[in-house]
Amino acid sequence: MKENAFSVAKKQLEDVVKIIKLERTIHNILVEPERIIQVELPVKMDNGEEKSFKAYRVQHNSALGPTKGGIRYHPDVNLDEVKALAMWMTWKCAIAGLPYGGAKGGVTLDPKKLSKKELERLSREYIKAIKNYIGPDKDIPAPDVYTNAQVMAWMLDEYEKQTGKHCPGVITGKPIELGGSLGREEATAQGGVFVLEEAMKTFGLKEKTVAIQGMGNVGGNTAKILHKKGFKIVGVSDSKGGVYDEKGLDVKKVLEHKEKTSSVINFSGSRNISNEELLELPVAILIPAALENQITKENAENVKAKIILELANGPTTPEADKILFKKEVFVVPDVLANAGGVVVSYFEWVQNNEGYYWKLEEVNEKLKKIMTKSFNSVYETSQRYKTDMRTAALILAVERVAQAIKLRGFG
Ligand code: NAD
């Protein structure tokens, strides 16, 4: 059975609370979000029918600054998942040293079943529902699974119509023409690659075979960047299944094939595999870049990778974590590995607030500095506490957020 993401997030927090002996009052604050918005979005479909969709925005904690987090369109979106993702955003921002708290949003729907016009109307309704609770100094949404720059553009436009003012800093991940940052589209992947390179140095790993689960924004861009750097991508997958070629896949061609056929499967010269098989491939580096709860107590023992770079949020369950730690698999946790997206979102927000835009080289140079520093702080904490990287990352994050709460006069 699929684990509840919020139970996982709470369990992770509880473990850290015990290690750092955090006060109960602060633990109580951190375990629940500051605000939950739950609405039914009314949408007129193209055939004239009216439908409604469940939508959420959860703001977890704002002690370090305005809250920040993506909006997900997926059939499995539910309140507990959004609560978990919002909490992970708080930790992610704290680890990267950003002046933000965490939030997340989601709408329960299968975006593949809606036309572009229906998606636009839905996105606009979403903003109408949450407009009073977002803003550049309140809560700043961004893209996540099945939302992209176009969706952010509709949302920005709706927010500006509703408030009657120009306000690019309310949302990040926008198209460049509307105030987006260069490098944002591939930032999560690029940040993940910077972290992977540090992890390989630390771990002393030279072998460069890779399997990637998920070929969307994050997985697809990671595959492209790693392929260019000379890594051998032997397996990739999407929601329909995966492909494997031990000689290495031509990433550009696989992505073209996916563009044409809507999936990576049946790519010529490769063997079709299931998503389960992909996770157990004989590779040095495994990159989950799709959804949560993929590496569990059922399959962790069979993972052969030496490094797992978690670009998806929450792909590994706590039981699986224990098994992987025993097997000495080096897991670079989501809150560290995939922070590149929110870091460049932060750069986008800074550029919007200043009205002055940076070159791509400047964005990537600053991203590399933050990702490298974050990796080293987490690694140093893991050595100091003699613990795994996830626990270390959360220790660092919880300590930073707790300190901010205390400085504000509580606890
Ligand atoms: P996306 O919608 O662009 O791509 C998702 C990919 O996952 C698609 O290829 C889809 O086919 C695949 N997928 C869906 N269900 C699957 C399944 N059951 N098995 C295997 N593959 C499946 O989304 P994205 O933006 O690339 O996000 C992917 C992950 O990265 C998510 O966990 C997201 O929260 C996380 N993330 C994204 C960003 C960002 O900047 N986009 C930042 C941080 C974390």
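Relevant structure appears above.
Described in the following lines is the structure provided in the data block. (Residues numbered from 1 in each chain as written. Predicted model: local features only at pLDDT ≥ 70, side-chain atom pairs only at ≥ 80, totals over all residues. Heavy atoms only, no water.)

**Here we look at the site of the ligand**
Okay, step 1: Taken together, 22 residues form the shell around the ligand, and within it Asp-144, Thr-188, Asn-217, Ala-290 and Asn-313 come nearest.
Okay, step 2: One nitrogen or oxygen atom from the main chain of Met-215 is found 3.0 Å from an oxygen atom belonging to the ligand.
Okay, step 3: Within the backbone of Val-218, one N or O atom sits 2.9 Å away from an oxygen atom of the ligand.
Okay, step 4: Protein burial of the ligand: of its 830 Å² of free accessible surface, 88% is covered by the chains.
Okay, step 5: Grouping the amino acids of the shell around the ligand by side-chain chemistry returns 9 nonpolar, 9 polar and 4 charged. (Near = heavy atom within 4 Å. Polar contact = N/O pair within 3.5 Å; in protein donor to acceptor, adjacent residues only side chain to side chain. Areas by Shrake-Rupley, 256 points an atom, 1.4 Å probe, with all protein chains shown as cover. Nonpolar A, V, L, I, M, F, W, Y, C, P; charged D, E, K, R; others polar.)

**Observations regarding the packing of helix H2 (residues 24-31) against helix H14 (residues 389-407)**
How two helices sit against one another is set out by the angle between their axes and by the gap between those axes.
Okay, step 1: One can describe the packing of H2 onto H14 by two numbers: an axis separation of 11 Å at closest approach and a directional angle of 110°. Of the possible angle classes, the one that applies to H2 and H14 is roughly perpendicular. On H14, the residues touching Ile-26, Ile-29 and Leu-30 of H2 are Val-398, Val-401, Ala-402, Ile-405 and Lys-406.
Okay, step 2: In the contact of H2 with H14, the residues fall into 7 nonpolar, no polar and 1 charged. (Axes fitted to C-alpha atoms, helices over the stretch in contact; angles between N-to-C directions. Helix = DSSP H or I, 4+ residues; strand = E, 2+ residues; numbered from the N terminus. Parallel < 35°, antiparallel > 145°, perpendicular 65-115°, else oblique. Contact = heavy atoms within 4.5 Å.)

**Focus: the sheet that holds strand E8 (residues 241-244)**
Okay, step 1: Taking strand neighbours across the sheet as the criterion, the 7 strands line up as E9-E8-E7-E6-E10-E11-E12 in an open arrangement whose pairing is mixed. The sheet terminates laterally at strand E9 (271-273) and strand E12 (330-332), the two strands that pair on one side only. Averaged over all pairs of adjacent strands, the angle between their axes in this sheet comes to 20°, without regard to strand direction.
Okay, step 2: Relative to strand E10 (residues 285-288), strand E6 (residues 209-213) is paired through 4 bridges, and the arrangement is parallel. Bridge pairing links Ala-211 to Leu-286 in E10.
Okay, step 3: Helix H7 (residues 217-228) contacts E6, strand E7 (232-238) and E10 of the sheet and is inclined by roughly 165° relative to E6. (Pairing = 2+ DSSP bridges.)

**So, H2**
Okay, step 1: Taken residue by residue, H2 has Ile-26, His-27, Leu-30 and Val-31 as its buried positions. Taken down its axis, H2 places every buried residue within 130° of arc, on the same side. (Buried < 20%, exposed > 50% of the residue type's maximum accessible area, 1.4 Å probe, protein only. Arc of directions from axis to C-beta.)

**What to know about unusual backbone geometry**
Okay, step 1: Its identity as a non-glycine residue notwithstanding, Tyr-146 has a phi of 60°, on the positive side.
Okay, step 2: For Ser-262, which is not glycine, the phi dihedral falls at a positive 70°.
Okay, step 3: Tracing the chain through its elements places Ser-262 in the loop between helix H8 (251-261) and E9.

**Concerning the pairing of strand E3 (residues 67-74)**
Okay, step 1: Counting buried positions over the 8 residues of E3 gives 8, a clear majority of the element.
Okay, step 2: Sheet topology places E3 next to strand E5 (residues 139-143); 5 bridges connect them, and they run parallel. Among the inter-strand pairings, Thr-67 is bridged to a residue of E5, identified as Asp-139.

**Description of a nonpolar patch on the surface**
Okay, step 1: A contiguous nonpolar patch, built from Ile-176, Leu-182 and Leu-360 and spanning about 220 Å² of accessible area, is present on the exposed surface.
Okay, step 2: Among the structural elements, Leu-182 can be located in the loop between helix H5 (149-163) and helix H6 (187-203).
Okay, step 3: For Leu-182, a relative accessible area of 36% translates into the label partly exposed. (Patch = residues over 30% accessible without salt bridge, like charges linked within 9 Å, V, L, I, M, F, W, Y side chains within 5 Å. Salt bridge = Lys/Arg side-chain N within 4 Å of Asp/Glu carboxyl O.)

**Things to note about the nonpolar core**
One broad trend across soluble globular proteins is that nonpolar side chains are buried collectively.
Okay, step 1: Leu-30, Trp-88, Trp-91, Ile-212, Val-236, Ile-285 and Val-332 are the most contacted members of the largest nonpolar core, which totals 90 residues.
Okay, step 2: Ranked by residue count, the leading element in this core is H14, at 12 residues.
Okay, step 3: Beyond its immediate sequence surroundings of up to four residues, Ile-212 is in contact with Gly-219, Thr-222, Ala-223, Ile-233, Gly-235, Val-236, Ser-237, Leu-278, Ile-287 and Ala-289.
Okay, step 4: One finds Ile-71, Tyr-73, Tyr-126 and Val-151 within the second-largest nonpolar core, a separate group that totals 26 residues. (Core = buried A, V, L, I, M, F, W, Y, C linked by side-chain atoms within 4.5 Å.)

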